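# Reading the structure
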Amino acid sequence: FHPSARPRAPDFAPQPLSPAMPPKKLPPALRKTADGLASYAAAYGAALAALGLAGAAAHGFEAKAMHGVYGGCGGLAVMAACAAVIRFGSDRSIVFAGVVASLVFELLFLIVFVVQALRSVLHPEKRGRAALFALNTAASAAALYAGAKPVVPQVWPVLKKKGMEKMMALMKKK
């Protein structure tokens with residue numbers, strides 16, 4: 001076996017895009033929408049941190065109340081990471097992944113805060129935190145609405161078409 005007899009690695013020079021293939025770079029209109037989504041995601045993360053800090057401050061920064069600060073800072077970190085992916089991503093799929101991740105986290109936070117708000121209302125010893133959880137729930141619902149509003153009209157036709165194609169394929173099998 002001679003080293004020169006080894007097969008050469010293929011040339012990975014970038015291939016020109018065919019006219020039928022959509023560009024992966026975001027067009028200016030979508031870039032503007034993505035920048036807005038990144039801004040609201042960062043603002044939501046800051047709101048989580050501020051509300052966590054307010055909750056801890058309301059209880060004199062006692063050790064039992066500090067979990068709100070930690071959770072708020074964790075929420076800020078997650079939403080800041082999503083915002084960075086959305087804002088600085090240049091590829092459509094990367095930006096879309098950041099948007100979907102931010103929406104999933106917002107839905108998760110909304111569910112957590114609704115459960116916490118219900119618990120705090122139902123248990124007398126936790127009623128002091130009900131207003132804070134209601135504010136967190138309202139902020140999460142507003143953020144989820146603000147994030148989904150520009151995304152759903154763009155994604156729905158694609159999902160609808162793919163869903164119809166899958167349904168037709170299933171019906172042909174029978």
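These numbers come from a predicted model, not from an experiment.

## Remarks on the packing of helix α1 (residues 28-58) against helix α2 (residues 67-88)
Axes are the key here: two packed helices are described by the angle between their axes and the distance separating the axes. It is the contact of α1 with α2, at a shortest axis distance of 7 Å, that shows an interaxial angle of 170°. When the axis of α1 is compared with that of α2, the two are roughly antiparallel. Residues belonging to the contact of α1 with α2 are distributed by class as follows: 17 nonpolar, 5 polar and 3 charged.

## A few points about the environment of Ala143
Locating Ala143 in the fold gives a position in helix α4 (residues 130-173). Taking the relative accessible area as the measure of exposure, Ala143 reaches 6% and is therefore buried. Apart from residues no more than four positions distant in its own chain, Ala143 is found in contact with Tyr40, Tyr44 and Glu106.

## Let's talk about the packing of aromatic side chains
Counted according to the given criterion, the structure contains 3 aromatic pairs. On the numbers, 6.2 Å between centres and 50° between planes, the contact of Tyr44 with Phe109 is tilted. Placement of the pair is Tyr44 in helix α1 and Phe109 in helix α3 (residues 92-122), with a sequence separation of 65 residues. The pair Tyr44 / Phe109 is uniform in exposure class, with both members buried.

## Examining a nonpolar patch on the surface
A contiguous nonpolar patch, built from Val114, Leu118, Val121 and Leu122 and spanning about 370 Å² of accessible area, is present on the exposed surface. In this fold, Leu122 is placed in helix α3. Given the relative accessible area of 64%, Leu122 is considered exposed.

## Quick look at the confidence of the model for the protein chain
Scored by pLDDT, the protein chain comes out at a mean of 83, with 86% of its residues at no less than 70. Of the regions scoring below 50 in pLDDT, residues 10-18 engages in 1 contact with residues more than four places distant in sequence or in other chains.

## Description of α1
Three or four residues apart is the spacing at which side chains of an α-helix point the same way, because the helix has 3.6 residues per turn. Taking 1.5 Å as the rise per residue, α1 with 31 residues should run 45 Å; its terminal C-alpha atoms sit 45 Å apart, in good agreement. Once α1 ends, the next one or two residues include Gly60, with phi positive near 65°.

## Considerations on the packing of α1 against α3
At a closest axis distance of 11 Å, the pairing of α1 and α3 adopts a crossing angle of 30°. In terms of orientation, α1 and α3 fall into the roughly parallel class. As for the relative orientation of α1 and α3, their crossing is left-handed in sense. The residues of α3 that touch α1, namely those facing Leu30, Arg31, Ala34, Leu37, Tyr40, Tyr44 and Leu48, are Arg92, Val95, Val99, Ser102, Leu103, Glu106, Phe109 and Phe113. Per-class residue counts for the contact of α1 with α3 are 11 nonpolar, 1 polar and 3 charged.

About the thresholds
- Residues numbered from 1 in each chain as written.
- Predicted model: local features only at pLDDT ≥ 70, side-chain atom pairs only at ≥ 80, totals over all residues.
- Heavy atoms only, no water.
- Axes fitted to C-alpha atoms, helices over the stretch in contact; angles between N-to-C directions.
- Helix = DSSP H or I, 4+ residues; strand = E, 2+ residues; numbered from the N terminus.
- Parallel < 35°, antiparallel > 145°, perpendicular 65-115°, else oblique.
- Nonpolar A, V, L, I, M, F, W, Y, C, P; charged D, E, K, R; others polar.
- Buried < 20%, exposed > 50% of the residue type's maximum accessible area, 1.4 Å probe, protein only.
- Contact = heavy atoms within 4.5 Å.
- Phe/Tyr/Trp six-rings, centres within 6.5 Å; stacked < 30°, edge-to-face > 60°.
- Patch = residues over 30% accessible without salt bridge, like charges linked within 9 Å, V, L, I, M, F, W, Y side chains within 5 Å.
- Areas by Shrake-Rupley, 256 points an atom, 1.4 Å probe, with all protein chains shown as cover.
- Salt bridge = Lys/Arg side-chain N within 4 Å of Asp/Glu carboxyl O.
- pLDDT = per-residue confidence, 0-100.
- Expected span 1.5 Å × (residues − 1).
- Left-handed = near helix turned anticlockwise from the far one by under 90°.

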